[in-house]
Amino acid sequence: MSDFFKSEMVRGDLQEMMSLQETCFRYSHTFPALSPEKKLEYVEVLQTLIEKQKIFHARLKLSDDPEALEMANMMRTAAIMLGGDATKSVDGVFDDLLDKVAHMRTALETGTEE
């Protein structure tokens with residue numbers, strides 16, 4: 001394990017993101033049946049997760065640790081494989097996701113969700 005991933009701060013951030021992912025996964029299975037309040041809670045957790053992933057990706061890119069840089073490249077590949085625009089940076093993909101989450105929030109708050 002590289003020094004970057006040995007950092008207590010990095011390990012804490014990874015643990016927090018894993019917890020947020022688990023919460024999103026649980027909500028996503030029952031999303032249509034959730035109350036409006038729970039749907040908004042899901043959107044908030046999803047937004048928090050994406051923001052944390054975006055920040056973590058920036059930290060990876062700024063590192064000189066080879067494993068951190070490799071993970072940053074893997075995140076780019078994963079973003080493209082999951083439908084992200086290959087012409088955009090990973091930050092651009094995260095921004096697109098945050099825009100979609102904002103639209104979800106607006107639709108839920110105005111009662112116009114599909």
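Here goes a summary of the coordinates provided. Because the structure is predicted, anything quoted here is derived from the model rather than measured. (Residues numbered from 1 in each chain as written. Predicted model: local features only at pLDDT ≥ 70, side-chain atom pairs only at ≥ 80, totals over all residues. Heavy atoms only, no water.)

1. Quick look at the layout of surface pockets
What counts, and what does not: The pocket and cavity definitions rest on a 1 Å grid over protein atoms only: a 1.4 Å probe that fits but cannot leave marks a cavity, an open set with protein on both sides within 12 Å along at least five of seven lines marks a pocket, and residues lining either have an atom within 4 Å of a point. Grid points are joined across faces, edges and corners, and a volume is the space filled by probe spheres set on the points. Helix and strand assignments follow DSSP, with helices taken as H or I runs no shorter than four residues and strands as E runs no shorter than two, numbered in order from the N terminus. Residues are grouped as follows: nonpolar covers Ala, Val, Leu, Ile, Met, Phe, Trp, Tyr, Cys and Pro; charged covers Asp, Glu, Lys and Arg; every other residue, Gly included, is treated as polar.
Roughly 850 Å³ of volume is contained in the largest pocket. The wall of the largest pocket is formed by 29 residues, among which Ile50, Gln53, Leu82, Phe94 and Leu97 lie closest to the centre. A per-element tally of the lining of the largest pocket places helix α5 (residues 90-110) first, with eight residues. Here the lining of the largest pocket is composed, by residue class, of 21 nonpolar, five polar and three charged.

2. Focus: helix α4 (residues 66-81)
Quick reminder of the rule: One less than the number of residues in a helix, times 1.5 Å, gives the span that helix is expected to have. In this description, contact between two residues means that some pair of their heavy atoms is separated by no more than 4.5 Å.
Relative to the 22 Å expected for 16 residues at 1.5 Å per residue, α4 spans 22 Å between its end C-alpha atoms, a close match to the ideal helical length. Summarising the contacts, the buried residues of α4 are in contact with α1 (3-6), α3 (36-62) and α5. Of the residues trailing α4, Gly83 is marked for its positive phi of about 105 degrees.

3. Some details on the packing of aromatic side chains
Where we set the bar: For Phe, Tyr and Trp, rings pair up if their centres lie within 6.5 Å, where Trp contributes its six-membered ring, and each pair is then called stacked (planes under 30 degrees apart), edge-to-face (over 60) or tilted (otherwise). Accessible area is worked out with a 1.4 Å probe on protein chains only. A residue is then buried under 20% of its type maximum, exposed over 50%, and partly exposed in between.
Enumeration according to the criterion identifies four aromatic pairs in this entry. Plain terms: the ring middles of Tyr27 and Tyr42 are 5.9 Å apart, the flat faces sit at 65 degrees to each other, and that makes the pair edge-to-face. Taken together, the residues Tyr27 in helix α2 (residues 8-29) and Tyr42 in helix α3 connect sequence positions 15 residues apart. Judged on exposure class, the residue Tyr27 and its partner Tyr42 are both buried.

4. A closer look at α5
A rise of 1.5 Å per residue sets the reference length of α5, with its 21 residues, at 30 Å; its end C-alpha atoms lie 30 Å apart and thus fit the reference within 8%. Summarising the contacts, the buried residues of α5 are in contact with α3 and α4. After α5 finishes, the residue Gly111 shows a positive phi value of roughly 75 degrees.

5. Remarks on the packing of α2 against α3
Quick note on the threshold: Here, axes are lines fitted to C-alpha atoms. For helices the fit covers the stretch in contact, and angles between N-to-C directions go from 0 to 180 degrees. Crossing chirality is assigned from the near helix's rotation relative to the far helix, an anticlockwise turn below a right angle marking it left-handed and a clockwise turn marking it right-handed.
Contact geometry of α2 with α3 gives a least axis separation of 9 Å together with a crossing angle of 150 degrees. The way α2 lies across α3 gives a crossing that is left-handed. Here Met9, Val10, Asp13, Leu14, Glu16, Met17, Leu20, Gln21, Thr23, Cys24, Tyr27 and Ser28 of α2 come into contact with α3, specifically with Lys38, Glu41, Tyr42, Val45, Leu46, Thr48, Leu49, Lys52, Gln53, Phe56 and Arg59. Of the residues that constitute the contact of α2 with α3, the class distribution is twelve nonpolar, five polar and six charged.

6. Notes on the packing of α3 against α5
Helix-helix packing is characterised by the crossing angle of the two axes and by the distance between the axes. Quick reminder of the rule: Under this scheme an angle from 65 to 115 degrees is roughly perpendicular, one under 35 degrees roughly parallel, and one over 145 degrees roughly antiparallel; angles in between are oblique.
Look at α3 against α5: their axes get within 10 Å of each other, and the N-to-C directions meet at 165 degrees. Accordingly, the angle class assigned to the pair α3 and α5 is roughly antiparallel. Along this stretch, α3 crosses α5, giving a crossing that reads as left-handed. Looking at side-chain class alone, the contact of α3 with α5 contains twelve nonpolar, three polar and nine charged residues.

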